Each structure stands twice: as C-alpha cells, then as structure tokens.
Amino acid sequence: MDKNSLEANLKELESIVSKMEQGDMALEDSIKSYEKGMLLLKLCQESLKEIEQKVLVLSTENTLEKFKPTNE
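Given the structure is predicted, the values throughout are model-derived calculations rather than measurements.

J.: I'd love a proper account of helix α2 (residues 27–54), names of residues and values included.
T.: For α2, spanning 28 residues, the distance from its first C-alpha to its last is 40 Å, which sits close to the expected 40 Å at 1.5 Å a residue. For α2, the full list of buried residues reads S33, G37, L40, L43, C44 and S47. In the core, the buried residues of α2 are packed alongside α1 (6–22).

And the structure:
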C-alpha cells in the first residue's frame, strides 16, 4: 500500500468493493478484504484531509484563506 498515492489507494479500494459485491468470497477472505478496505479508506481520508489543508490560496490582501469554488 502506498501511503502517498490517493489514486492508487482509491483504485485498490474500488477493486476490493467490487470483489466483495460479487458475493462469492469465502467468509475469511471477506473479513481480510474488509480489514484491508478499512485501512485503505483511512489512508484515503487522511490524504484528502491533507489535500484540503493544502488547498489554500493567497487572497488579494496576501493572507491565507480557504479555497472557495466558483459554484458556491
């Protein structure tokens, strides 16, 4: 697992979810996949939190403020 790659972690998480949704995994394999998925979810949430903190822009007064999308 790459702690620094949100995209790779999301792709692996999606793969796990897809396999589990098929419903043909053994119980023990399902539990292992669930545990790995929860770890990946935590890593993704941490990555998103870090990204959110980085999404700051300089305002016209040279102060930092949170990014505000134009559609708000």
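J.: So, a nonpolar patch on the surface: which residues are in play, and what are the values?
T.: A cluster of nonpolar residues, M20, Y34, M38 and L41, forms a patch on the protein surface that exposes about 350 Å² of accessible area. By residue number, the principal contributor to the nonpolar patch is α2, which donates three residues. By the element assignment, M38 lies in helix α2. Taking the relative accessible area as the measure of exposure, M38 reaches 39% and is therefore partly exposed.

J.: Would you mind going over the confidence of the model for the chain in detail, with residue names and values included?
T.: Parts of the model with low pLDDT should not have their predicted coordinates read in detail. When the pLDDT values of the chain are averaged, the result is 82; 69% of them are 70 or greater. Averaged pLDDT values for the elements of the chain fall to 51 in strand β1 (residues 56–58) and rise to 94 in α1.

J.: So, the pattern of salt bridges: which residues are in play, and what are the values?
T.: Applying the stated criterion to the full structure yields two salt bridges. Across the pair K36 and E12 runs a salt bridge, and its minimum N-O distance is 2.6 Å. In this pair, K36 sits in helix α2 while E12 sits in helix α1, placing the two residues 24 residues apart along the sequence. Put simply, E28 and K32 hold a salt bridge, and the shortest N to O gap is 3.5 Å. Within this pair, E28 and its partner K32 are both found in helix α2, separated by four residues, close to a single helical turn. Neither E28 nor K32 differs from the other in exposure class; each is exposed.

Definitions and cut-offs
Residues numbered from 1 in each chain as written. Predicted model: local features only at pLDDT ≥ 70, side-chain atom pairs only at ≥ 80, totals over all residues. Heavy atoms only, no water. Helix = DSSP H or I, 4+ residues; strand = E, 2+ residues; numbered from the N terminus. Expected span 1.5 Å × (residues − 1). Buried < 20%, exposed > 50% of the residue type's maximum accessible area, 1.4 Å probe, protein only. Contact = heavy atoms within 4.5 Å. Patch = residues over 30% accessible without salt bridge, like charges linked within 9 Å, V, L, I, M, F, W, Y side chains within 5 Å. Areas by Shrake-Rupley, 256 points an atom, 1.4 Å probe, with all protein chains shown as cover. Salt bridge = Lys/Arg side-chain N within 4 Å of Asp/Glu carboxyl O. pLDDT = per-residue confidence, 0-100.

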